[in-house]
Amino acid sequence: QVQLVESGGGLVQAGGSLRLSCAASGRTVSGSHVAWFRQAPGKEQEVVAALAALTWWGGGQTNYASSVKGRFTISRDNANNTVYLQMNSLKPEDTGVYYCAVAQGSNWPPYDYHYWGQGTQVTVSS
């Protein structure tokens, strides 16, 4: 079965940086569309960044939420089957639970994320 395990969350001051990791098993991240989502208390879940499969015609195309563009970077390490989210210049509004996800199909932008991690908490103080 597919399992995704996030790590790297924590408490950081505004302006600081964190790198989130998502270790995958049961499915290769290179052959799948992957993404990071976040959910703040009382808010709807939001897609933060998405990365196309290497085999997709887009050739690793990325999508970012406008609120994080220029500050966050999604990437993958195919040898370790791990997805990363590098977060720089963090703001208090970035606070929330961050989840990695893997899409079932080949639609781009993906909408059919069938596999999810347990989430990791990110808290940014003012």
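Whatever comes next refers back to the structure up there.
Everything numeric in this text was worked out from a predicted model, so none of it was measured.

Trainee: Please give an account of the environment of Lys-69 that cites residues and values.
Mentor: For Lys-69, the location among the structural elements is in the loop between strand S6 (62-64) and strand S7 (72-77). The class of Lys-69 is exposed, set by a relative accessible area of 62%. Expressed as a C-alpha distance, the spacing of Lys-69 and Ser-126, which sit 57 residues apart in the sequence, is 20 Å.

Trainee: Can you tell me about the pattern of salt bridges, naming the residues and giving the values?
Mentor: As enumerated under the stated definition, the model contains three salt bridges in all. Among the ionic pairs, Glu-46 bridges to Arg-38, the shortest N-O distance being 3.1 Å. In this structure Glu-46 comes out as partly exposed when scored by relative accessible area, which is 31%. Classification of Arg-38 by relative accessible area gives buried; the value is 7%. The salt bridge involving Arg-38 is made with Asp-94; its shortest N-O contact spans 2.9 Å. Taken together, the residues Arg-38 in strand S4 (residues 34-39) and Asp-94 in the loop between strand S8 (82-87) and strand S9 (96-103) connect sequence positions 56 residues apart. Taking relative accessible area as the criterion, Asp-94 reaches 1% and is therefore assigned buried.

Trainee: Now, about the packing of aromatic side chains: what can you tell me, with residues and values included?
Mentor: Summed over the entire model, instances satisfying the criterion amount to three aromatic pairs. Pairing Phe-37 with Trp-116 gives two aromatic rings, centres 4.8 Å apart and planes at 50°, and the pair type is tilted. Here Phe-37, found in strand S4, pairs with Trp-116, found in strand S10 (residues 113-116); they are 79 residues apart in sequence, far enough to count as distant. Centre to centre, the rings of Tyr-113 and Trp-116 are 6.2 Å apart; their planes meet at 65°, and the pair counts as edge-to-face.

Trainee: Before we move on, could you go through the sheet that holds strand S1 (residues 3-7) and cite the residues and values that matter?
Mentor: Read across the sheet, four strands follow the order S1-S3-S8-S7 without closing on themselves; strand pairing throughout is antiparallel. Since the sheet does not close on itself, it has two edges, and those belong to S1 and S7, each with one partner. Taken pair by pair, the neighbouring strands of this sheet meet at an average axis angle of 15°, ignoring direction.

Trainee: For the environment of Gln-3, give the residues involved together with the corresponding values.
Mentor: Structurally, Gln-3 can be placed in strand S1. Separated by 105 residues in sequence, Gln-3 and Trp-108 place their C-alpha atoms 22 Å apart. With near-sequence residues (within four places) excluded, Gln-3 lies in contact with Ala-23, Ala-24 and Ser-25.

Cut-offs applied
Residues numbered from 1 in each chain as written. Predicted model: local features only at pLDDT ≥ 70, side-chain atom pairs only at ≥ 80, totals over all residues. Heavy atoms only, no water. Helix = DSSP H or I, 4+ residues; strand = E, 2+ residues; numbered from the N terminus. Buried < 20%, exposed > 50% of the residue type's maximum accessible area, 1.4 Å probe, protein only. Salt bridge = Lys/Arg side-chain N within 4 Å of Asp/Glu carboxyl O. Phe/Tyr/Trp six-rings, centres within 6.5 Å; stacked < 30°, edge-to-face > 60°. Pairing = 2+ DSSP bridges. Axes fitted to C-alpha atoms, helices over the stretch in contact; angles between N-to-C directions. Contact = heavy atoms within 4.5 Å.

In short, geometric facts, not functional conclusions.
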